[in-house]
Amino acid sequence: MVEFRNQTVTYLKRKFRDIGIRPVSKHGQNFLIDMNILDLLVRSAEIGPEDVVLEIGTGTGTLSTRLASLAAHVVTVEIDPHMVALAQEELDGFENVTLLQTDALRNKNHFQPILMETIRDVMERTGAKRYRLAANLPYNVATPILSNLLRAELTPASMTVTIQKEMADRLVAVPSTKDYGAISVWMQSQCDVELVRVMPPSVFWPKPKVDSAIVHLQLDPERRARIPDREFFHEFTRSVFFHRRKYLRSVLHSAFKNRLEKSEVDQVMRTHGIREDARAETFAVEEIFQMGERFREALAQKGDIATP
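Residues numbered from 1 in each chain as written. Predicted model: local features only at pLDDT ≥ 70, side-chain atom pairs only at ≥ 80, totals over all residues. Heavy atoms only, no water.

A.B. asks: Could you give me a rundown of the pairing of strand β2 (residues 51–56), with the residues and numbers involved?
C.D. replies: Across the 6 residues that make up β2, a large majority, 6, are buried. What you see with β2 is no split at all: D51, V53 and E55 on one side and V52, L54 and I56 on the other are buried throughout. Pairing between β2 and strand β7 (residues 130–136): 4 bridges, direction parallel. Residue pairing in the sheet places V53 in a bridge with R132 of β7. Where β2 and strand β3 (residues 73–78) come together, 5 bridges link them in parallel fashion. Within the sheet, the bridge partner assigned to E55 lies in β3 and is T76. Taken together, β2, helix α3 (residues 62–68) and β3 constitute a β-α-β crossover, and its handedness is right-handed. (Buried < 20%, exposed > 50% of the residue type's maximum accessible area, 1.4 Å probe, protein only. Helix = DSSP H or I, 4+ residues; strand = E, 2+ residues; numbered from the N terminus. Pairing = 2+ DSSP bridges. Right-handed = clockwise from strand over helix to strand, strands pointing away.)

Encoded structure:
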């Protein structure tokens, strides 16, 4: 049986002192020091021997070793060269781990090409049919990581991550609440979203200033497949919630400026029973999806957008 190291505050402080480094806040370095929470994260990810796992934010490699003991292969990504050196020590002896030293994101909308290329190569080499995301995500990149993974053609079967509780509240939010918005609709349109556990700052070192949460997002392939143009739907959801307190009519006029006449926007709204004084935050996920489809069809009829 593999014996895993417990990542304590004492261990981390001594290790960091020995090599003369400190946690880097710009990289979102808050290390999980409660091993019960770490184990809960691993259990919630439901990793099996047929899975390739993506981890973003390797840190010292403590989570990586636990994932590697369960998965066919782990692709783990770390931007900080000091953390890479620590993780390499921790991962010595694990032959089913690929450690990439890079920023996972090329920019806020796209991953580094090497990331997806590596996942594809590993899946082909291992014969794995799916991959999962399991990670203690750096808070500063959590939103683009989760959002962009659902925009990618190679999409994880599930995503189990630690994030700020504020963001977790947005992921699970329902209509007519303050947390409901574009990210709620985008994620729930394709995934079942579960808030697994809320965590206080004390389970991390250094302590963040906010509570955190473990969330588990399970991809629903049928729900995802029914969205004919995901890029359009992604932009549509962002547009309708951009000014969430404005009336939807005004928001849609602005969103489709130079693409649809105001009268054409009004016609789509009337045809589908959308009140002029409605606001986006009152509509359920399915209603936002259907609304987006009606506007996509209107654009397609004008030749403004290709029909998938």
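A.B. asks: I'd like a rundown of the packing of helix α11 (residues 248–255) against helix α12 (residues 262–271), residues and numbers included.
C.D. replies: Direction vectors running N to C along α11 and α12 enclose 130°, while the axes themselves pass 10 Å from each other. Relative to α12, the element α11 lies oblique. Our pair here, α11 against α12, has a crossing hand that is right-handed. Taking contact as the criterion, the partners of R249, L252 and H253 in α11 are, on α12, K262, V265, D266 and M269. A breakdown of the residues in the contact of α11 with α12 according to their chemical character gives 3 nonpolar, 1 polar and 3 charged. (Axes fitted to C-alpha atoms, helices over the stretch in contact; angles between N-to-C directions. Parallel < 35°, antiparallel > 145°, perpendicular 65-115°, else oblique. Left-handed = near helix turned anticlockwise from the far one by under 90°. Contact = heavy atoms within 4.5 Å. Nonpolar A, V, L, I, M, F, W, Y, C, P; charged D, E, K, R; others polar.)

Honestly, that's just the spatial picture; any functional story needs more than this.
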